[in-house]
Amino acid sequence: MTTRQLKGLRVDDGDVAFEVELGYPARSQEPALRKALVAAARAVPGVENVSVQIVTRITAHAVQRGVPLLPRVKNIVAVASGKGGVGKSTTAVNLALALAAEGASVGLLDADIYGPSQPTMMGVQGRPQSHDGQTMEPLENHGVQVISIGFLVEPDQAMIWRGPMATQALEQLLRQTNWRDLDYLIIDMPPGTGDIALTLSQRVPLTGAVIVTTPQDIALLDARKGIRMFEKVGVPILGVVENMSVHVCPNCGHVEHIFGEGGGRRMAADFGVDDLGALPLNLSIRLQADSGTPTVAAEPDGEIAARYKAVARQVAVKIAQRAKDYSSKFPTITVSKGT
Ligand SMILES: Nc1ncnc2c1ncn2[C@@H]1O[C@H](COP(=O)(O)OP(=O)(O)OP(=O)(O)O)[C@@H](O)[C@H]1O
């Protein structure tokens, strides 16, 4: 038997088998990746049969200093916008579904107390169960675990909460939910950069934030405030999603930039953060979200789902590139002045 080592490839009598480990979910890319690897291995002289195994291993990554981690959640991503109504919740739910479709274990926390829309968008209603009277079980649909302030209180009741009360309720929602081993927890943040959003961004152990904006000047202005808020509290910006970037007339195909053109991309460049992509203003995005089956679930092989999946993969890759969480391995060292 002839055995050779070829940069990690073990060749036995012309057969080669190797394993590739990815730090992010990429189910939709696996056939293409496998094909490319098989072709590359076959190009090596003496190689005949190639088998490739792709393994996904998602790890926990660093968060702000001094914020306690959630034991069964590896990475928490805030989806935020400066301005209301730009499509933050729609982007958050489709991003969660896209990460799940790519093979990750995903949860969604609806922290938008002014308009909890995830019960509608995720198509789930009802009160979460509690087995011990202290913690609660997330509801689940489309393969994603979900908790919303909307499951627990009437929306008009939550709206009148003052800042500290709202942040306390949201923190409880986050920490007292029995998340079942999540690779990613997506948080649909309260809109704006006021007290509640700021306090949450300080108290939630965030791996990073995704900023959603439309290309409209006023939305961009507020999105800039959002980026600065996260930067101030030490949360990395994973990138910017430009929503409602273009409208294509379904009848005549005419393309119209209703809210302006390319503003999200320019803002990303100004701040030196990633442009994660753009989503069109499209009636089916609204109708599908309103009916409880967001586009990624309703038309998983469609062009819009592909865009959301591309955003999701970029977010996951950015996270995978970040420093790992070593907080459990190293003690905290406090240096104090001698007396
Ligand atoms: N790309 C899109 N194309 C068409 N409609 C969209 C798109 N994105 C969002 N919408 C619709 O726009 C409305 C506002 O979206 P969404 O609730 O996601 O915004 P938001 O920023 O979370 O708002 P709020 O700040 O009020 O919570 C919804 O009716 C949603 O269905």
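Residues numbered from 1 in each chain as written. Predicted model: local features only at pLDDT ≥ 70, side-chain atom pairs only at ≥ 80, totals over all residues.

**Observations regarding the overall build of the chain**
Each helix and strand in the chain was counted, giving 11 helices and 14 strands. The C-alpha radius of gyration computed for the chain amounts to 22 Å, which stays within 12% of the reference 20 Å derived for 339 residues, consistent with globular compactness. Projecting the C-alpha coordinates of the chain onto the three principal axes gives extents of approximately 75 × 75 × 45 Å. By residue count, 44% of the 339 residues in the chain fall in the buried class. Sequence separation of at least 24 residues holds for 77% of the intrachain contacts in the chain that already meet a minimum separation of 6. (Helix = DSSP H or I, 4+ residues; strand = E, 2+ residues; numbered from the N terminus. Rg over C-alpha atoms; globule rule 2.2 N^0.38 Å. Buried ≥ 20, exposed ≤ 12 C-beta atoms within 10 Å, placed from the backbone. Contact = placed C-beta atoms within 7 Å.)

**Overview of helix H9 (residues 283–290)**
All of the buried residues along H9 are Ile285, Gln288 and Ala289. All buried residues of H9 project into a common sector of 100° when viewed along the axis, lining one side. Pointing more than 90 degrees away from the buried face of H9 are the exposed residues Leu283 and Leu287. Taken together, the buried residues of H9 touch helix H2 (88–101), helix H3 (118–122), helix H10 (295–298) and helix H11 (303–321). A positive phi of about 90° marks glycine 292, the residue just after H9. (Arc of directions from axis to C-beta.)

**Section: the environment of arginine 72**
By the element assignment, arginine 72 lies in the loop between strand E4 (49–56) and strand E5 (73–80). The class of arginine 72 is partly exposed, set by 14 C-beta atoms lying within 10 Å. For the pair formed by arginine 72 and alanine 41, sequence separation is 31 residues and the distance between their alpha carbons is 38 Å.

**Structural notes on the site of the ligand**
Around the ligand lies a shell of 21 residues, among which Gly84, Gly87, Lys88, Ser89 and Thr90 are the nearest. No other element matches H9, which puts 4 residues into the shell around the ligand. Residues that form the shell around the ligand fall into these classes: 7 nonpolar, 10 polar and 4 charged. (Near = placed C-beta within 6 Å. Nonpolar A, V, L, I, M, F, W, Y, C, P; charged D, E, K, R; others polar.)

**Considerations on helix H7 (residues 217–232)**
An ideal rise of 1.5 Å per residue puts 22 Å on 16 residues; H7 measures up with 23 Å between its terminal C-alpha atoms. Among all positions in H7, only Ala219, Leu220, Asp222, Ala223, Gly226, Ile227, Met229 and Phe230 are buried. Close packing links the buried residues of H7 with E5, helix H6 (195–203), strand E10 (208–213), strand E11 (237–242) and helix H8 (263–271). Backbone geometry just after H7 places glycine 234 at a positive phi near 80°. (Expected span 1.5 Å × (residues − 1).)

**A look at the sheet that holds E10**
Strand order in the open sheet formed by 8 strands is E7-E8-E6-E9-E5-E10-E11-E14, and the pairing between neighbours is mixed. In this open sheet, the two edge strands, each paired with only one partner strand, are strand E7 (139–141) and strand E14 (275–278). Strand-to-strand twist across the sheet, computed as the mean angle between neighbouring axes with direction ignored, equals 25°. Where E7 meets strand E8 (residues 144–148), 3 bridges bridge the pair, whose relative direction is antiparallel. Each bridged residue has a counterpart across the sheet, and for leucine 139 the counterpart in E8 is valine 146. The strands touched by H11 within the sheet are E5, E10, E11 and E14, with E11 carrying the most contacts at an inclination of about 165°. (Pairing = 2+ DSSP bridges. Axes fitted to C-alpha atoms, helices over the stretch in contact; angles between N-to-C directions.)

**Quick look at the packing of helix H5 (residues 163–175) against H6**
Two elements in contact, H5 and H6, have axes whose closest approach is 9 Å; the angle formed by their N-to-C orientations is 40°. Between H5 and H6, the interaxial angle falls into the category oblique. Here H5 runs over H6; the crossing is right-handed. In this structure, H5 uses Gly163, Ala166, Thr167, Leu170 and Glu171 to contact H6, whose residues at the interface are Asp195, Ile196, Thr199, Leu200 and Arg203. Broken down by class, the residue content of the contact of H5 with H6 amounts to 4 nonpolar, 3 polar and 3 charged. (Parallel < 35°, antiparallel > 145°, perpendicular 65-115°, else oblique. Left-handed = near helix turned anticlockwise from the far one by under 90°.)

**Comments concerning the confidence of the model for the chain**
When pLDDT is averaged across the chain, the result is 87; 91% of the residues are at 70 or more. Both scores are given for the predicted complex: the pTM is 0.89, the ipTM 0.98. (pLDDT = per-residue confidence, 0-100.)

**Considerations on the packing of H2 against H11**
As a packed pair, H2 and H11 sit with axes 8 Å apart at the nearest point and diverge in direction by 75°. As the angle between them shows, H2 and H11 are arranged roughly perpendicular. Contacts between H2 and H11 involve Asn94, Leu95, Ala98, Leu99 and Ala101 from the first element and Tyr308, Lys309, Val311, Ala312, Val315 and Ala316 from the second. A breakdown of the residues in the contact of H2 with H11 according to their chemical character gives 9 nonpolar, 1 polar and 1 charged.

**Some remarks on the UniProt feature "binding site: ATP" (unreviewed entry) in the chain**
Following the UniProt record, the feature "binding site: ATP" (unreviewed entry) maps to Gly82, Lys83, Gly84, Gly85, Val86, Gly87, Lys88 and Ser89 here. Checked against the element boundaries, valine 86 lands in the loop between E5 and H2. When residues no more than four places from it in sequence are discounted, the contact partners of valine 86 are Ser81, Val212, Thr213, Thr214, Ala219 and Asn243. Here glycine 87 lies in the loop between E5 and H2. For glycine 87, a count of 22 C-beta atoms within 10 Å gives the class buried. For glycine 87, the contacting residues outside a window of four places in its chain are Val212, Asn243 and Met244. (UniProt positions renumbered as here; feature names shortened; annotations may be inferred.)

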